[in-house]
Structures are given as C-alpha cells and as structure tokens.
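Close look at the chain arrangement
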Amino acid sequence: MTERSEEYFRRIVDVDALAEYLEAELGPVAEYDVRRHEEGHSNETLFVTWGGKELVIRRPPPGETAESAHDVLREYRVVDALQETDVRVPTTVLASEDHSVMGSDFYVMERVEGDVLREAEPERFRNPGARQAIGEELIDRLVEIHEVGYEAVGLEEGDFGYPPGFTERQVRRWSEQLEWAFEVTEAEREVPVLHEVREWLEANVPEDPPSTLVHGDYKLDNVMFGPADDPEIVAIFDWEMSTLGDPFTDLGWMLSYWWDAKDPDPPAGSRTLNATFMAGEDYPTRVELVDRYEERTGFEFEHERFYRALAVYKLAGLGEMFFRRHLEGNADDPMYPKMEEGVPSMADRALRIIEGEEPL
C-alpha cells in the first residue's frame, strides 16, 4: 500500500473504533482484519474478517458529496427488504448511523463468493453456451427485480419512491448532479455537449412508463456469478440508487455497458468503465437482450434512444462527480483523473445515440 493509499485508508475506517463496534454487536473474536476493495468507483467497500465470518462494509466516500448521492442506508434498506424474495442479494447483518465509528453512515453484510466479470469472462465460461447464458442471466435477474411486489416487502410508494414523474425527475436530478460537479470542474475544462444532450432529454421524456422497483445501477460488473461451470448470478450489489420508478431506466443503463461488435471503441479516458469482451463471438447482442426482456415482462421497450442516451448522460454525471472529488483530493482512485477527457467523450457518445449514429 502506498503512503497516499494508507492515508486514504485511515480516512475511511478507524480500525479500532470499528472493532469495538463489531465486538459489541457480534461478540468478541480472536481474528480481525480490514481490507479496502479497490475495484469500486463510488461508495467505499471494505472486506472484514471477524473471527469465522467474512463480512463486507459499505460506506460513502469521504468529503462533500452531491445531495442524495452515496446513500448507504437506503441501500441497506432495500437489500434488507429483499431478503425473502427471489432477487439475489447478500445477507444483511447490521446498519449504523453512528458517525463515531466510521465517520459516516455504514452497513454490514455477509460476503458472497464468486466472480464479478470486469475485463473478461473466467476460463470456465469461455464457450458458446456459457457466453449466451451470461447475457440471459443478466436479463432474467433484472426481470426478477422488476417483478417484485415492492409494497409487500415494505418499500411503499410515497416513502421509498414516487413513480409518477420519475423519468422526468431523472433528467432533472442528473442535471443537478452535473451542476454540482461543474462548480469545481469548469475551472479545468467545460463540456458544452452535455447541455445539448440535456435539452434533448428534457424535450423527449416518454409519457406513462410502467412503475416497478428499480435497481438504479444494474450492469454486468454489479452482479456476481457463482463458482459453477454454468453461469448463475448469486448476488446483485450496489443498490444505493434503488427506488420506485421506470424500469426502462434500468434496462437502458445495463445496455449502455453492453458492447456490440458494431460499436465504436469506448469513450477515451473511460475505458476502465467499459469492458468490451461481450462484443466478441457467442455473446447475445443488445437487440437479443431487449427481445428477451420484452418476452419475459410483457413490456415494450419503446424510446430506446432516450433511455440509452439518458444512461450515458447519467454516466457522464457520475464521471464529473468523480472528477470533482479528484480535484478536491477526496479520492484515491486512478480512474478519477481520467474523467477530465472521459466525460467529454461520454457526452459525444450520448449525442451519437440521440442522432442515431450508435444504434441499438
């Protein structure tokens, strides 16, 4: 661990205070260890060995964050609510608002073992049947999320989410997130194309979409595949943006990360966010994934340009918030400075989708 990484680690966890909290809640143990998970780019994830238990802790990044971003207690609430449903989520353990422990809200869940597919599929999946199944699993598990009777599990309308007007609010919310980031980042460089994309999105919000439980960040590297030779998703992570609203925002977001052979290279500066191995032979195309989703839900995925452009606009918003945190010294992630050029490239991609130059 570098000196800078050690300093950042101390900012996100006081190992002695955490040990005292866990001992009070779970009982004393002889073995205790805390490690930071390096792969995430938003909320911080810590792996904790507590005696015979392998745990995961989720907490926000340090420093000022955009309003409503990084709400880990909201994430805990939905994961806890889904424990007895068909949705594949880790087992929840604890949640705390006591900032004397971690300096922030946080929650604890059991660790799940398996593979998260980021840069390539594991060797056991390198065959036509497994590659097809990876895409099918991704769609089928999303369908299970969208089929949850959310009020029956305690996620009530008016409390956990407000489906009427959700899609329009998505455009407004992410525009506000961008404006928050621009307060700092525009001194380095501006991204005028994002204003053009925003205007198009505002003018083309679909009317009367269905209302379901929404994950908010559903994509291939937010699910874990079990150790078997046949691909099976055993856990879905990163629920911090979950709410009740338009299920097509989930589908559009997932599709924005699913590369096809016909696509151009990922936007410059953001390749760490865009694995492209699924553009290879034997993987289903985006069109095939949409067909499977429509078949299983009975929904019709109209306005696909809107939902895919909105997804890339949101991704640009995340990237710009990352870039602000980098400029303010509130991050230790080598991807964040790459957003200086990555976000303008994402803005160009959103415009290509709007103009039909990057088709479904």
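Attention here is on the structure that accompanies the text. Note that this is a predicted model, so its numbers are computed, not measured.

1. Some thoughts on helix H3 (residues 72-81)
Extensive coverage of H3 is indicated by the burial of seven of its ten residues. When we look at burial in H3, the residues that qualify are Val72, Leu73, Glu75, Tyr76, Val78, Val79 and Ala81. The inward-facing, buried residues of H3 abut strand E3 (53-59), strand E4 (92-96), strand E5 (106-110) and strand E6 (212-214).

2. Digging into the nonpolar core
Grouped together as the largest cluster of nonpolar side chains are 79 residues, with contacts concentrated most on Leu194, Leu213, Tyr218, Leu220 and Trp239. Among the elements that make up this core, the one with the highest residue count is helix H10 (residues 304-327) (13 residues). Tyr218 has contacts with Glu137, Leu138, Arg141, Leu142, Ile145, Val223, Ile233, Ile236, Asp250, Trp253 and Met254, leaving out every residue within four places of it along the chain.

3. Focus: the environment of Lys338
With respect to the element layout, Lys338 can be found in the loop between H10 and helix H11 (339-354). Considering only alpha carbons, one finds Lys338 and Tyr313, 25 residues apart in sequence, at a separation of 17 Å.

4. Focus on the pattern of salt bridges
Throughout the structure, instances matching the rule amount to 31 salt bridges. Residue Arg36 pairs with Glu44 through a salt bridge whose shortest N-O separation is 2.9 Å. The pair formed by Arg36 and Glu44 is uniform in burial state, with each residue classed as buried. In this structure, a network of salt bridges that share partners links the residues Glu121, Glu123, Arg126, Arg131 and Asp282.

Each value, and the rule that gives it
Residues numbered from 1 in each chain as written. Predicted model: local features only at pLDDT ≥ 70, side-chain atom pairs only at ≥ 80, totals over all residues. Heavy atoms only, no water. Buried < 20%, exposed > 50% of the residue type's maximum accessible area, 1.4 Å probe, protein only. Helix = DSSP H or I, 4+ residues; strand = E, 2+ residues; numbered from the N terminus. Contact = heavy atoms within 4.5 Å. Core = buried A, V, L, I, M, F, W, Y, C linked by side-chain atoms within 4.5 Å. Salt bridge = Lys/Arg side-chain N within 4 Å of Asp/Glu carboxyl O.

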